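Descriptive analysis of the structure
So you can see what is in the structure, the chains are spelled out below.
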Amino acid sequence: MLRRVVAIVVVVACAAGVVAFQVSRPARAPANPRVFVPSPRFFLDFSPSFRTSIADVYYLYMVQYYGEHVTGDGKLDSLPAMVRLVTELSPHFTRAYLFGAFALMDAQQPGVSYEILKHGFEANPGNWRFPAYLGFFVYAFASNKDKDRIAADWYTKAAAIPESPAYLQRLAAVLLGKGGETGKAIQMWGQVYAAGDKFSREKAVAGLERILPTSKQARMKAVAPLYDTMPRQEFEALTAELFKGYAP
Amino acid sequence: MTQDGLGTGSGAATGAQSRAAVLLRDLHKTVAVGFLRRQVEILRGVDLVVDRGDVFGLLGPNGAGKTTTVKVALGLMRPTSGSVQLGVEGLGRVGYLPENPYFYDYLSGREFLGFCARLFGLDAGARHERVEELLRDVSLVDAAGTHLRKYSKGMLQRIGIAQALINDPELVLLDEPMTGLDPVGRVEVKHIIERLHERGKTVMFNSHILSDVHELCSRIAIMRSGRVIWQGTVDEALDEAPSLEDFFMKVVTA
Amino acid sequence: MKQLLAITINTFKETIRDRVLAVIVVFALLMIAGGLWLGSISLGEQGRMIKDFGLVAVSGFGLIVAVFVAASLVHKEVEKRTVFVLFSKPVSRAAFIAGKFIGLCGTMAVVLAGMGLFLFALVWIVAGEASGMVLLAVLMIYVQLLAVVAVTIFFSTMGSAILAAVLGICVFVAGQLSHNVLALTRLGKNPLTEALSWVVYVIVPNFSAVDVKAGAVGEQTLAWGQIGLWTAYILAYVVVVLALAALVFRRKEF
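Residues numbered from 1 in each chain as written. Chains lettered and ligands numbered in written order. Predicted model: local features only at pLDDT ≥ 70, side-chain atom pairs only at ≥ 80, totals over all residues.

1. So, the domain arrangement of chain A
- For chain A, the assigned domains read domain 1 (37-124) and domain 2 (146-248).
- For domain 1 of chain A and domain 2 of chain A, the distance between their C-alpha centroids amounts to 26 Å. (Domains from an automatic or database assignment.)

Given below as structure tokens:
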């Protein structure tokens, strides 16, 4: 009888110890901004059959990593390596390039964004989004005096690709025209909104909010030119978001 | 015989010439046992003759090599030396019931017999007929649709006998056919063996139940330690001892 | 031929009724649904995520089913001694091996088809894409698994079922890395290692030659000629492996 009691006590104590240990671990492992990302070489040597799956895993990891750090400590040290890894393993994974480029913009590395997009365009020459985004990035971040022209070149290249939207050509024209900086920036962000998915749209709205006047009249005047250069549906969606808090 | 692994030594004779249904000459069988592959000699020169139309009993204490002898005769094992001759035209004319048989859990009794019939190349019509006939013979018609997994030992034994007879064999080898059967079952099996004998079939069975052997067999052989130490008719045995038990004890302990 | 058919049908019945199989299939379906969740955190890449991870799940669970069922197929018969019932009838060892293989292939076809159609429907519903490539990818996975089943059956004729299962999985993994072995053969540093690499390269089935999964997510365009050639290669490989298995099995005693 005694033996049984002792046995039960021992087992219960051990179980309690197991639970207590786990519960007492720190709530969250310190979020390490620098994460080990293997070089693409390592995975390229692995089976081709699972390359895309590995790319997908790292893509999801990348999205999560970005989400965790961009609003927190803002350190995205491993992001470039991740973007490179995913895009090397899966060169036709368009979303990875585009997400990566914008995320790297947040990581204060627009130069790397540009490189990534160029690689993306090399691997996917039939995809107009790449040259279109390249144009945007040149305009937004380059410091050359003739960046407008370079950006316009990219837009023209994009427009030359079959099935690209019509407004790309118009954007090129706007850039080469005489309008002010703000006006051109508005056009760029409009294009990003039109071309992009939910993530890009958030970025576009954020970018526009930064440069648009706050008064309703001025805002409407500033946004008006987008009517000509954006597809109707996207224009309406964008204006809905920009004028959300305003009285009709 | 064209079965894999059957009949080495001096070659297999065709049935027509010999009167023997089973003819085993100087069979030796050695197996490698355990991790170190220790050589153990199970059969040490078995000589056995079973005449056509006989009901033959193979007796002996446990470990004498009875089951091994039957397996070598069937080609399930290859003899290390010696010869095997079956007086029938191949395994298509043989029926075999192994000791403690185990069959496919997931099949019903009927499905299992159908499978066995297929293995003998019977066509659909003949299969159906034969399966139903045998189910009647072993009184398993009611349980024919139940999965073998649910059969009792006695039922398994009976389906085992049925599968041994599915091809209407000339030579029937039964290893402990009475195990697990209730008195009714045992009587049924005895009747089956008697009927086979009446139809001129050869039956050989191993058994520990000497009363059954006395009732059914005309000739017997007694094995011990891998050899046949006595072979003859039941009458000859009873000349030398008051009962078969006494004769068996006498021979085995000599 | 009739025996081959009988054993094939029997094996199919045996494996498809295995409840363990059903559990695995359910797990596979769960995993595929897990791809849905992954898709939801992927910023609009549901289609790709579900396709990719779904195919990995089909591959993985298909492998588990193939290996564990194949490993036990032969082993179970020997262990449960149903082989006695089988080989005391005119059944060739080769027909046995072939029948086991084909029967299991039938079951695998049902399982993979189920998972494949489910994945196809999932992709259609979630991403609005009727992706025929997904079905083709599943078909290619099936072809790969044929080779794995053959190799596992081969290993199971030689001994333990668990070892056969483990080796089957190893061969699958090795097959995925086949092109690495090819690279080794071209290093040319040492004629001995080069020769050894060639031997390994030929023996291990090549699963990296055609990658339909990448095609399913848009990473590759596929040449039908290539796929056809590779399928023929795998079928030839299966024939060789099964022949070897039959040879080993011929020597076996029960």
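And the narrative resumes.
2. A few points about the interface of chain A and chain C
- Listed by partner, the interface residues are 18 residues for chain A and 21 residues for chain C.
- Elements represented by at least two residues in the side of chain A that touches chain C include exactly α3 (51-70), α5 (94-106) and α11 (198-211) of chain A.
- Top element by residues in the side of chain A that touches chain C is α3 of chain A. It accounts for seven residues.
- Of the residues belonging to the side of chain A that touches chain C, the class tally is six nonpolar, six polar and six charged. (Contact = placed C-beta atoms within 7 Å. Helix = DSSP H or I, 4+ residues; strand = E, 2+ residues; numbered from the N terminus. Nonpolar A, V, L, I, M, F, W, Y, C, P; charged D, E, K, R; others polar.)

3. Some details on helix α1 (residues 66-74) of chain B
Residue and element names in this part refer to chain B.
- With eight of nine residues buried, α1 lies mostly within the body of the structure.
- Within the span of α1, buried status applies to K66, T68, T69, V70, K71, V72, A73 and L74.
- Trailing α1 by a residue or two, G75 shows a phi angle of about 90°, which is positive. (Buried ≥ 20, exposed ≤ 12 C-beta atoms within 10 Å, placed from the backbone.)

4. Points about the arrangement of the chains
- Ranking the two pairs of chains in contact by number of contacts places chains B and C first.
- Chain A shows no contact with chain B. Their nearest C-alpha atoms sit 38 Å apart.

5. Structural notes on the sheet that holds strand β7 (residues 202-206) of chain B
Residues and elements named next belong to chain B.
- If you walk across this open sheet you meet the six strands as β5-β6-β7-β3-β8-β9, and the pairing is mixed. Only two strands of the sheet have a single partner each, and these edge strands are β5 (94-97) and β9 (227-233). Adjacent strand axes in the sheet meet at a mean angle of 15°, parallel and antiparallel pairs treated alike.
- As judged from the four bridges shared by strand β3 (residues 55-59) and strand β8 (residues 219-224), these two strands associate in the parallel manner. The partner of F56 across the bridge, within β8, is R219.
- Contacts between α1 and the sheet are confined to β3, β5, β6 (171-175), β7 and β8, with β6 contributing the most and set at about 150° to the helix. (Pairing = 2+ DSSP bridges. Axes fitted to C-alpha atoms, helices over the stretch in contact; angles between N-to-C directions.)

6. Focus: the sheet that holds strand β2 (residues 38-51) of chain B
Residue and element names in this part refer to chain B.
- Spatially, β2-β1-β4 is the arrangement adopted by the three strands of the open sheet, whose pairing is antiparallel. Both outer strands of the open sheet, β2 and β4 (81-86), are each paired with one neighbouring strand and no more. Strand-to-strand, the axes of this sheet are offset by a mean angle of 20°, without reference to chain direction.
- In this structure, strand β1 (residues 20-33) lies alongside β4, joined through five bridges in antiparallel fashion. Each residue of the ladder has a partner; that of H28, found in β4, is S81.
- Most of the contacts of α1 go to β1, to which it runs at about 110°, and overall it touches β1, β2 and β4.

7. Quick look at the packing of helix α2 (residues 109-119) of chain B against helix α4 (residues 153-164) of chain B
Residues and elements named next belong to chain B.
- With their axes 10 Å apart at the nearest point, α2 and α4 run at an angle of 25° to one another. Overall, the two elements α2 and α4 adopt an arrangement that is roughly parallel. Where α2 crosses over α4, the two elements pack in a sense that is right-handed. Listed contacts from α4 to G109, F112, L113 and C116 of α2 are I159, A162 and Q163.
- Here the residues of the contact of α2 with α4 sort into five nonpolar, two polar and no charged. (Parallel < 35°, antiparallel > 145°, perpendicular 65-115°, else oblique. Left-handed = near helix turned anticlockwise from the far one by under 90°.)

8. Focus: the interface of chain C and chain B
- Contact residues are listed per partner, giving 22 residues for chain C and 25 residues for chain B.
- Breaking the side of chain C that touches chain B down by element, the ones donating at least two residues are α1 (2-16) and α4 (82-87) of chain C.
- When residues in the side of chain C that touches chain B are grouped by element, the largest group, six residues, is from α1 of chain C.
- Of the residues in the side of chain C that touches chain B, the class split is seven nonpolar, five polar and 10 charged.

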